[in-house]
Amino acid sequence: MTVGNLLARMMLIRDNDYKGVYVIPISVINAANEMNKTYLEALYALKEQNISLAICDHYINMVDMLRYIEKNWLWLADEIEKGNAHVKSDVKRAKEIRNIMETHHIGTQLVEQLWPGLRCIMVHDAHNLSASFELLRTYCGTNVHFVFTGISSPEGTFTTAINLDDPQGVLIPDSVFYEFKPKDAKDYDQLLTLDQLEIGRSYELIISTLSGLYRYKTQKVLSVVGRYHDTPTVI
């Protein structure tokens, strides 16, 4: 196990067997700049073949890492073969990477080849999806599924996923008290409640929490795309 964050340190003092758990190495967290961080992410990811789940705070970071691997795989494979301050030498894995990348075409399916056990990617920023997400789908192929974790903030969790591979989530009615400002409204004088939302329209989310935070402007704009048992689904 790589001791990379608080979660890992907590696990190490417990009696359970956590040999199958892998967390963010501290060197990635402390990377001096984005380029160095991407290098370390790519290096650690390539070194580990047996990955079954990936978690993306921002899915574009995974797209950037895969593009980085496509451009720098020769160097990365050499680093893994020789070993360095970050990873131990692994000649077998370096050979596997070279065999895969020598026949790979830029922008095509790659994830399943490099990590054949990867079956699920958790995506946290479903509200920021763009055309680049389709590139990530292409990289992943048909056997890797996406779980969209919903829209949340430090004040609460507002939606939950309905189906695999579907970015829309259903609003959780009892999470907070919701109010909504139509996106085209000039002021906050006529806020709407959950039952007044219309499919096809966008709204700014305002919340009041059970702990007393009153009418907090989250600055999140939600688009209503459907209903699930009469509760609006949003993205």
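Residues numbered from 1 in each chain as written. Predicted model: local features only at pLDDT ≥ 70, side-chain atom pairs only at ≥ 80, totals over all residues. Heavy atoms only, no water.

Right, let's get into the overall build of the protein chain. Counting its secondary structure elements, the protein chain contains seven helices and 11 strands. Taking the intrachain contacts of the protein chain between residues at least 6 apart in sequence as the baseline, contacts between residues at least 24 apart amount to 51%. When the accessible surface of the protein chain is totalled, it reaches about 13500 Å², and 51% of it is carbon and sulfur. (Helix = DSSP H or I, 4+ residues; strand = E, 2+ residues; numbered from the N terminus. Contact = heavy atoms within 4.5 Å. Areas by Shrake-Rupley, 256 points an atom, 1.4 Å probe, with all protein chains shown as cover.)

Here we come to helix H5 (residues 91-101). Among all positions in H5, only Arg93, Ala94, Ile97, Arg98, Ile100 and Met101 are buried. Buried positions in H5, seen along its axis, are confined to an arc of 165 degrees and lie on one side of it. H5 presents Lys92 and Lys95 as exposed residues on the side facing more than 90 degrees away from its buried surface. Where H5 is buried, its residues meet helix H3 (34-47), helix H4 (59-82) and helix H6 (111-114). Capping of H5 at its N-terminal end is provided by Asp90; its side-chain oxygen lies 3.4 Å from the backbone amide nitrogen of Lys92. (Buried < 20%, exposed > 50% of the residue type's maximum accessible area, 1.4 Å probe, protein only. Arc of directions from axis to C-beta. Polar contact = N/O pair within 3.5 Å; in protein donor to acceptor, adjacent residues only side chain to side chain.)

Under the criterion given, the structure shown has seven salt bridges. In this structure, Lys47 and Asp90 form a salt bridge, with 3.7 Å as the shortest nitrogen-oxygen distance. Taken together, the residues Lys47 in helix H3 and Asp90 in the loop between H4 and H5 connect sequence positions 43 residues apart. Lys47 gets classed as buried once you look at its relative accessible area, which sits at 18%. A salt bridge links Arg215 to Glu179, with the shortest nitrogen-to-oxygen separation between them at 2.7 Å. You can see Arg215 sitting in the loop between strand S9 (202-208) and strand S10 (216-228) and its partner Glu179 sitting in strand S8 (residues 177-182), a full 36 residues away along the chain. Among the ionic contacts, a cluster of salt bridges with common partners joins Asp78, Glu81 and Arg98. (Salt bridge = Lys/Arg side-chain N within 4 Å of Asp/Glu carboxyl O.)

Let us now look at the pairing of strand S3 (residues 145-148). Alternating residues of S3 divide into Phe146 and Phe148, all buried, and His145 and Val147, none buried. Here strand S2 (residues 120-123) pairs with S3 via four bridges, running parallel. Note on S3: the bridge partner recorded for Met122 is Val147. (Pairing = 2+ DSSP bridges.)

Backbone-to-backbone hydrogen bonds pair the strands of a sheet. The strands run either parallel or antiparallel. Spatial strand order, S6-S7-S11-S10-S9-S8: six strands in an open sheet with antiparallel pairing. The sheet is open, and its two edges are formed by strand S6 (159-161) and S8, each paired on a single side. Averaged over neighbouring strand pairs, the angle between their axes works out to 50 degrees when direction is ignored. With six bridges joining them, S8 and S9 adopt antiparallel strand pairing. Looking at S9, one finds that Phe180 is bridged to Leu205. (Axes fitted to C-alpha atoms, helices over the stretch in contact; angles between N-to-C directions.)

Attention now goes to the sheet that holds S2. The parallel open sheet is built from three strands, whose spatial order is S1-S2-S3. Whereas interior strands pair on both sides, the edge strands pair on one side only; in this sheet they are strand S1 (53-56) and S3. Looking at each pair of strands side by side, their axes are set apart by 20 degrees on average, direction ignored. As paired elements, S1 and S2 share four bridges and run parallel to each other. Note that in S2 the partner of Ala54 across the bridge is Ile121. Docked against the sheet, helix H7 (residues 131-140) engages S2 and S3, running at close to 140 degrees with respect to S3.

This part takes up the nonpolar core. Of all hydrophobic cores here, the largest spans 40 residues; its most connected members are Leu66, Ile69, Val111, Trp115, Ile121 and Leu136. Mapped onto this core, the elements with two or more residues apiece are H3, S1, H4, H5, H6, S2, H7 and S3. Discounting residues that sit within four places of it in the chain, Val111 has contacts with Met62, Leu66, Leu118, Tyr139, Cys140 and Val144. Of all hydrophobic cores here, the second largest spans 15 residues; its members include Leu171, Val176, Leu194 and Val234. (Core = buried A, V, L, I, M, F, W, Y, C linked by side-chain atoms within 4.5 Å.)

Read these as geometric descriptors, not functional statements.
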